[in-house]
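Coordinate analysis (summary)
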Amino acid sequence: MLVVTFVMFPFITVAQTTYYVDATKPDNSGVGTSWSTAKRDLQIAINTAASGDVIWVKSGTYYPTHDPFGSTTPANNRDKTFTLKNGVKVYGGFSGTETQLNQRNWETNLTTLSGDLGVLNTLTDNAYHVVITVNLSSATLLDCVTITKGYATAPNPSAITVNTRVIDRYKGGGVYNSNSATTFTNVSIKGNSADCTNSDDDAWGAGIVNDICSSTFTNCIIDGNSFLIGGASFGVFGAGMMINGGACVLTNCVFSNNTSGSGFSMLPGEAHCI
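In this report, we go over the structure that sits alongside the text. Computed from a prediction, not measured in an experiment: that's the story for all the values here. (Residues numbered from 1 in each chain as written. Predicted model: local features only at pLDDT ≥ 70, side-chain atom pairs only at ≥ 80, totals over all residues. Heavy atoms only, no water.)

Here we come to the overall build of the protein. For the protein, the count of helices and strands is one helix and 25 strands. Restricting to contacts in the protein with at least 6 residues of sequence separation, those with at least 24 account for 69%. A total of about 11900 Å² of accessible surface is found on the protein, and carbon and sulfur atoms cover 55% of it. (Helix = DSSP H or I, 4+ residues; strand = E, 2+ residues; numbered from the N terminus. Contact = heavy atoms within 4.5 Å. Areas by Shrake-Rupley, 256 points an atom, 1.4 Å probe, with all protein chains shown as cover.)

Right, dumping it as structure tokens:
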């Protein structure tokens with residue numbers, strides 16, 4: 001007698017959660033899963049989200065509230081930064097009423113990630129890096145935001161280690177992208193600076209550093225970034241963007257007004273500009 005046994009394997013579907021962020025909220029007490037219960041702080045939403053989740057951010061200005069290790073009171077306040085999480089997609093440009101992603105007008109509803117910590121418009125207490133991405137895959141996305149007022153100025157060997165990667169405090173004022181494939185679309189990186197304040201090392205990427213990365217940049221603007229002090233270090237490379245190894249792809253990106261060093265610089269590695 002032939003006996004046929006059927007084994008049923010259930011399909012497992014992992015639900016994607018959308019989290020909402022609104023800088024006008026009084027605190028972070030809301031669960032964050034609707035505009036009415038939105039979180040106030042972007043980093044709280046990032047920390048709450050899991051891989052595959054998305055975050056919608058209402059227009060406004062957002063400041064880093066945590067260092068990369070989750071502390072809201074680090075020994076050095078300038079270590080606060082927006083630390084992206086693997087597989088989490090962050091979208092800016094909402095008015096705060098949308099129910100569909102394609103309803104937003106991100107050019108009107110500006111979403112700004114600012115490193116202007118401490119006393120407003122005083123550079124010396126600003127965040128070393130406005131955004132860091134470390135060991136992240138291409139499923140990680142930052143979309144339709146402006147990144148500004150990072151101030152990566154410090155002496156060598158001032159650095160922190162995040163997920164085994166050394167992040168120098170005098171590189172990557174806007175974004176420090178390390179060993180990642182993070183996707184950037186419609187991102188403006190403006191008005192950031194970097195410099196090594198002694199002569200012991202080079203300063204890289206006032207706007208953004210890509211250190212052994214394979215990220216893609218689409219429709220991005222890299223504008224007005226500079227080595228503000230003027231280069232106390234051995235050299236200054238990539239006022240707008242520095243690529244150190246890896247294989248990044250840039251499509252329809254604009255570099256303008258990046259000063260005191262080349263706007264775009266690349267050490268051995270590969271970059272495709274389309």
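Under the counting rule described, the total for this entry stands at zero disulfides. Take Cys144: it sits in no disulfide, and the sulfur closest to it among the cysteines is that of Cys220, at 9.4 Å. On the basis of relative accessible area, Cys144 is assigned to the buried category, the value being 4%. Free cysteine Cys248: the closest other cysteine sulfur is in Cys213, separated by 5.6 Å. (Disulfide = S-S within 2.5 Å. Buried < 20%, exposed > 50% of the residue type's maximum accessible area, 1.4 Å probe, protein only.)

With respect to topology, six strands assemble into an open sheet ordered β3-β6-β9-β15-β20-β23, the strand pairing being parallel. At either end of the open sheet lies a strand with only one pairing partner, and these are β3 (60–62) and β23 (254–256). Between one strand axis and the next, the sheet turns by 15° as a mean value, whatever way the strands run. Sheet topology note: the strand β20 (residues 221–223)/β23 ladder contains three bridges and is parallel. Among the inter-strand pairings, Ile222 is bridged to a residue of β23, identified as Phe255. (Pairing = 2+ DSSP bridges. Axes fitted to C-alpha atoms, helices over the stretch in contact; angles between N-to-C directions.)

For Asn186, the position within the fold is in the loop between β14 (183–185) and β15 (188–190). In this structure the C-alpha to C-alpha distance between Asn186 and Val145, which are 41 residues apart in sequence, comes to 7.1 Å. Discounting chain neighbours no more than four positions away, the residues touching Asn186 are Trp106, Asp143, Cys144, Val145, Thr218, Asn219 and Cys220.

Another aspect to go through is the pairing of strand β12 (residues 165–168). The pairing of strand β11 (residues 159–162) with β12 spans four bridges and is classified as antiparallel. Bridge pairing in β12 links Ala159 to Asp168. With antiparallel pairing between neighbouring strands as the criterion, β11 and β12 make up a hairpin whose turn holds two residues, including Asn163 at a positive phi of roughly 50°.

Glancing now at the nonpolar core. In terms of nonpolar packing, the biggest core is built from 33 residues, with Leu42, Ile55, Leu113, Val131, Leu142 and Ile147 touching the most fellow members. Counting residues per element, the ones that place at least two in this core are β1 (18–21), α1 (42–48), β2 (54–58), β18 (208–213) and β22 (241–251). No other element matches β22, which puts four residues into this core. Those residues in contact with Ile147, other than ones at most four positions away along the chain, are Leu113, Val130, Val131, Leu142, Gly174, Val175, Val187, Ser188, Ile189, Lys190 and Asn192. Ranked by size, the runner-up nonpolar core spans nine residues in total, among them Ile132, Val134, Ile160 and Val162. (Core = buried A, V, L, I, M, F, W, Y, C linked by side-chain atoms within 4.5 Å.)

Before going further, it helps to spend a moment on the packing of aromatic side chains. The tally for this structure, following the rule as stated, stands at six aromatic pairs. For the pair Tyr20 and Trp35, a centre-to-centre distance of 4.8 Å together with 65° between the ring planes defines the contact as edge-to-face. In this pair, Tyr20 is assigned in strand β1 and Trp35 in the loop between β1 and α1, connecting sequence segments 15 residues apart. For the pair Tyr20 and Trp35, one class covers both residues: buried. Residue classification places Tyr20 among the buried residues on the basis of a relative accessible area of 12%. Chaining the aromatic ring pairs together yields one cluster made of Tyr20, Trp35, Trp56 and Phe94. Across the ring face of Trp204, the terminal group of Lys171 is positioned such that the distance to the ring centre comes to 3.8 Å. (Phe/Tyr/Trp six-rings, centres within 6.5 Å; stacked < 30°, edge-to-face > 60°. Lys NZ or Arg CZ within 6 Å of the ring centre and 35° of its normal.)

It is worth spelling out the environment of Asn219 at this point. Checked against the element boundaries, Asn219 lands in the loop between β19 (216–218) and β20. For Asn219, a relative accessible area of 36% corresponds to the partly exposed category. Along the chain, Asn219 and Asn252 lie 33 residues apart, while their C-alpha atoms are 4.9 Å from each other. In this structure Asn219 touches Asn186, Val187, Thr251, Asn252 and Cys253, once residues within four positions along its chain are discounted.

This paragraph deals with the pattern of salt bridges. Inspection of the entire model under this criterion finds six salt bridges. Residues Asp41 and Arg40 are paired through a salt bridge, measuring 3.6 Å at the closest nitrogen-oxygen approach. Of the residues examined, Asp41 reaches a relative accessible area of 14% and is grouped as buried. Note on Arg40: relative accessible area 31%, which makes it partly exposed. When the shortest N-O distance is used, the salt bridge between Asp79 and Arg169 registers 2.8 Å. In this pair, Asp79 sits in the loop between β3 and β4 (82–83) while Arg169 sits in the loop between β12 and β13 (175–178), placing the two residues 90 residues apart along the sequence. (Salt bridge = Lys/Arg side-chain N within 4 Å of Asp/Glu carboxyl O.)

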